[in-house]
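# Remarks on the overall topology
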Amino acid sequence: AAANIGVVGLAVMGSNLARNLASREGNTVAVYNRSREKTDQLVAEHPEAGFIPAFSYEEFAASLSKPRTAIIMVKAGRGTDAVIDELVKVFEPGDIIVDGGNAYFPDTIRREKAVRATGINFVGAGISGGEEGALNGPSIMPGGSDEAWITLGPILKSIAAVAEGEPCVTHVGHDGAGHFVKMVHNGIEYADMQLIAEAYDLIRRGTGKTPAEIADIFAEWNTGELESYLIEITAEVLRQVDAETGKPLVDVILDQAGAKGTGAWTVQTALALGVPVSGIAEATFARSLSSHPEQRAAASILPGPEEAFEVTDVDAFIEDVRQALFASKIIAYSQGFDEIRAGAAEYNWSIDLGAVSKIWREGCIIRAQFLNRIADAYAEQADLPVLAAAPYFADALTRGQASWRRVVVAATQAGIPSPAFSSSLAYYDGIRADRLPAALVQGQRDFFGAHTYKRIDKDGTFHTQWSGDRTEIEAVDTH
Ligand code: NBP
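Small disclaimer: the values here were computed from a predicted structure and weren't measured.

Taken in spatial order, the seven strands of this open sheet run β3-β2-β1-β4-β5-β6-β7, and their pairing is mixed. At either end of the open sheet lies a strand with only one pairing partner, and these are β3 (52-53) and β7 (139-142). Judged from the two bridges that link them, strand β2 (residues 29-32) and β3 form a sheet pairing that is parallel. Among the inter-strand pairings, Val31 is bridged to a residue of β3, identified as Pro53.

Have a look at this one:
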């Protein structure tokens with residue numbers, strides 16, 4: 001028993017994570033893969049890592065010191081369940097099984113409960129950053145028990161990305177909390193990407209600038225409050241020229257965006273929790289809309305506005321778009337953190353939202369300095385009801401709102417779809433309103449379904465006898 005940590009599943013993510021682990025002082029790594037070839041190849045290609053290869057689950061368990069700790073990096077779903085079943089047979093109470101794959105958090109809650117019954121710890125850990133992150137330092141979002149964290153914490157801290165001297169890993173909460181937070185991270189990533197894409201589209205169609213020129217604008221934006229990995233890579237993508245045609249690469253890429261499902265999970269979960277994550281939802285739907293060429297072809301007969309889109313003051317317009325992008329981004333993150341807050345309440349997780357924002361500063365796709373401002377906001381007020389209303393963000397929204405409105409008006413008049421920009425603005429106007437037409441909706445609900453309503457001027461639940469003499473009666477509260 002010479003290894004302090006093991007990895008099961010040696011495809012690209014698992015082998016990179018194993019190499020990352022092996023490169024850190026104090027770690028000896030046992031490795032196992034269902035089919036032998038991947039194990040042989042990894043061990044042969046990386047003699048420097050000092051891997052201890054195993055060719056059966058028994059051998060794997062025997063090579064690990066106690067408490068045995070193993071990270072599973074296999075295809076999410078049935079593959080994960082199959083590996084857990086085998087590890088449970090050869091592990092003992094107190095040992096730790098970590099699922100580092102992209103599991104759906106309800107699966108993690110189910111698995112944790114089942115594995116806990118054997119006395120073995122089960123930790124669902126969201127790992128972000130792709131292949132590169134796995135090798136050089138990902139952002140890690142572990143759930144699971146406090147007991148497991150004692151052993152696992154130092155190991156995960158040793159391999160995580162580092163932001164301003166702090167490792168990008170924290171014990172997010174119990175059972176499925178880690179995979180839940182990883183899911184919302186991906187949802188926010190969808191929104192951020194869509195907002196950037198809308199900004200690009202508006203600038204291009206409004207000013208006629210080339211992708212390379214717009215790349216320069218994004219590179220410039222990356223030196224200010226929008227600084228982030230996604231803005232940085234956007235400039236790289238826009239600058240790329242297709243070798244075959246000599247055209248900007250972005251002009252030869254088919255305009256149908258794919259998705260692997262984490263955006264949809266985030267939205268489905270938000271719907272169930274009653275949390276409006278409209279930015280994430282619109283971003284997810286925008287990908288869906290793009291991917292129906294037959295509908296797009298059929299709808300292409302529908303008319304747009306008669307007047308051409310003409311921007312008179314180009315520099316002012318670009319600055320308006322920048323402000324609109326930052327304002328919408330604040331709303332998207334505010335909505336995402338709202339979902340984490342609501343999830344924590346629903347599933348009894350104690351999640352430190354500021355700590356979550358800090359572990360996203362490096363290693364993951366939404367990494368940005370901006371996340372420090374979110375941490376500051378929660379440090380100031382841990383039970384902040386709406387992140388967007390915290391002083392720093394409220395200031396930015398105050399500064400940006402006129403630009404934001406001009407951009408949404410311009411996009412609407414020009415017939416340029418900006419679902420994430422405009423839905424974020426609608427959320428902003430909705431959440432800040434002192435009175436909403438929800439009152440009328442309650443009246444309608446009471447009319448057709450006797451769903452009752454509350455009054456602003458007295459306690460109790462009321463119903464108007466719509467089909468009778470229309471007098472109001474005090475009703476039994478039926479919710
Ligand atoms: P894959 O998702 O392609 O899975 C391949 C691995 O799963 C191989 O090691 C394969 O073994 C093993 N496997 C399968 Br498939 N079914 C199995 C079973 N029933 N029992 C045992 N092993 C089984 O690998 P990946 O692309 O490296 O991703 C690993 C995990 O990381 C996934 O959950 C994925 O969603 C996640 N991921 C995360 C990121 C990120 O940025 N966070 C990026 C990419 C992937 P074999 O060699 O014997 O077929």
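UniProt's feature table lists "domain: 6-phosphogluconate dehydrogenase C-terminal" (unreviewed entry) at residues 178-467, given in the numbering used throughout. Helix and strand shares over residues 178-467 are 66% and 1% respectively, and the end C-alpha atoms of the span are 52 Å apart.

Tracing the backbone through its elements, the reader meets Ile365 in the loop between α16 (353-359) and α17 (370-380). Ile365 sits 137 residues away from Ser228 along the chain, and the two C-alpha atoms are 9.0 Å apart. Residue contacts for Ile365: discarding those within four places in its chain leaves Ser128, His185, Glu189, Tyr229 and Leu230.

The environment of the ligand is formed by 22 residues, the closest being Asn33, Ser35, Lys38, Ile127 and Gly130. A distance of 3.5 Å separates an oxygen atom of the ligand from a polar backbone atom of Val12. Gly130 places a main-chain nitrogen or oxygen 2.8 Å from an oxygen atom of the ligand. Look at the ligand: alone it shows 920 Å² of surface, and the protein chains cover 76% of it. Those elements that place two or more of their residues in the shell around the ligand are α1 (12-22), α4 (78-90) and β6 (121-128).

Parameters at a glance
- Residues numbered from 1 in each chain as written.
- Predicted model: local features only at pLDDT ≥ 70, side-chain atom pairs only at ≥ 80, totals over all residues.
- Heavy atoms only, no water.
- Pairing = 2+ DSSP bridges.
- Helix = DSSP H or I, 4+ residues; strand = E, 2+ residues; numbered from the N terminus.
- UniProt positions renumbered as here; feature names shortened; annotations may be inferred.
- Contact = heavy atoms within 4.5 Å.
- Near = heavy atom within 4 Å.
- Polar contact = N/O pair within 3.5 Å; in protein donor to acceptor, adjacent residues only side chain to side chain.
- Areas by Shrake-Rupley, 256 points an atom, 1.4 Å probe, with all protein chains shown as cover.

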